[in-house]
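An overview of the molecular structure
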Amino acid sequence: MSSDDAALMAEQLAYYRARAPEYDSVYAHRADLRELLGGIDELPVRGDVLELACGTGQWTALLAERAVSVTAVDASAETLAIARERAGGPTVRFVQADLFDWQPPRRYDTVFFGFWLSHVLPARFPGFWRSLGASLAPGGRVVFVDDAPSEAVHEEFVADESTHTALRRVGDGSAFRIVKVFRGPGELTDQLAALGWSVEVKGAAGSFLTGVAKPSEAQG
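Residues numbered from 1 in each chain as written. Predicted model: local features only at pLDDT ≥ 70, side-chain atom pairs only at ≥ 80, totals over all residues. Heavy atoms only, no water.

Re helix α5 (residues 77–87)
Listed as buried for α5 are Thr79, Leu80, Ala83 and Ala87. Projected onto a plane normal to the axis of α5, the buried residues spread over an arc of 100° and lie on a single side. Where α5 is buried, its residues meet α1 (3–19), α4 (58–66), β2 (69–74) and β3 (92–96). Among the residues of α5, the N-terminal cap falls to Ser76, whose side-chain oxygen and the backbone nitrogen of Glu78 are separated by 3.3 Å. (Buried < 20%, exposed > 50% of the residue type's maximum accessible area, 1.4 Å probe, protein only. Helix = DSSP H or I, 4+ residues; strand = E, 2+ residues; numbered from the N terminus. Arc of directions from axis to C-beta. Contact = heavy atoms within 4.5 Å. Polar contact = N/O pair within 3.5 Å; in protein donor to acceptor, adjacent residues only side chain to side chain.)

Structure representation (structure tokens):
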């Protein structure tokens, strides 16, 4: 990873650490997000679950109701503190770690991430999916939710930088650069097929996408 990309990823982490106390307010203000959360019963979450970028635990609590166990990983201590309050329990384990450096100690039946894939740099996309394949137990699935490309109108992209760099602000006015890559269903299907995955991507709650992916037989 280039030094510029490393600086961008560090700034993205700083944004989510700073935003942790106000992150959940968006769920109160957007009915479509609440509808998306309510659709988790339609997703094939089962067995032992690994959740990446768990944030404040909005999804963690729902996953725990459907899973044998949940291992929830995030790089931000601030968001993890909120997640532990929301979704703590005997079957949930929280881990603070950089998702690109952390190696899971075992394999999982389901790997889940909500609103994380669009924060993965294009250059890191293939390696990220290789790590997902190594994290799955036989017959396992990757399940994800994210923004549809229509949500791009709400982003402030940074001029004179790559098309995947957006600017976000927190309540005190501080501004941070983040990675934001909008991938539509067709693009995701093609990109993952090239990496040896089959995936079904659907629209959800108007502004979002859900995806279920599994390694091809040749890969798995």
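What to know about the pairing of strand β8 (residues 175–179)
Consecutive side chains along a regular strand alternate between the two faces of the sheet. Within β8, 4 of the 5 residues are buried, which leaves it mostly tucked inside the rest of the structure. Pairing of strand β7 (residues 165–169) with β8 involves 5 bridges; the strand directions are antiparallel. The partner of Arg169 across the bridge, within β8, is Ala175. In sequence, β7 turns back onto β8 through a hairpin of 5 residues, with Gly173 there showing a positive phi of about 95°. (Pairing = 2+ DSSP bridges.)

Things to note about the nonpolar core
With 35 residues, the main nonpolar core has Phe113, Phe128, Trp129 and Val142 as its most contacted residues. Listing elements by their share of this core, those giving two or more residues are α1, β1 (48–52), β4 (108–114), α6 (125–135), β5 (136–147), α7 (185–194), β9 (197–204) and β10 (208–215). With 4 residues, α6 is the single largest residue contributor to this core. The residues contacting Phe128, other than those within four sequence positions of it, are Leu52, Phe100, Phe113, Trp116, Leu117 and Val120. (Core = buried A, V, L, I, M, F, W, Y, C linked by side-chain atoms within 4.5 Å.)

Observations concerning the environment of Phe208
With respect to the helices, strands and loops of the structure, Phe208 is situated in strand β10. Among residues more than four places away in sequence, those in contact with Phe208 are Arg30, Asp32, Leu33, Leu36, Phe115, Asp146, Asp147, Ala148, Lys202 and Gly203.

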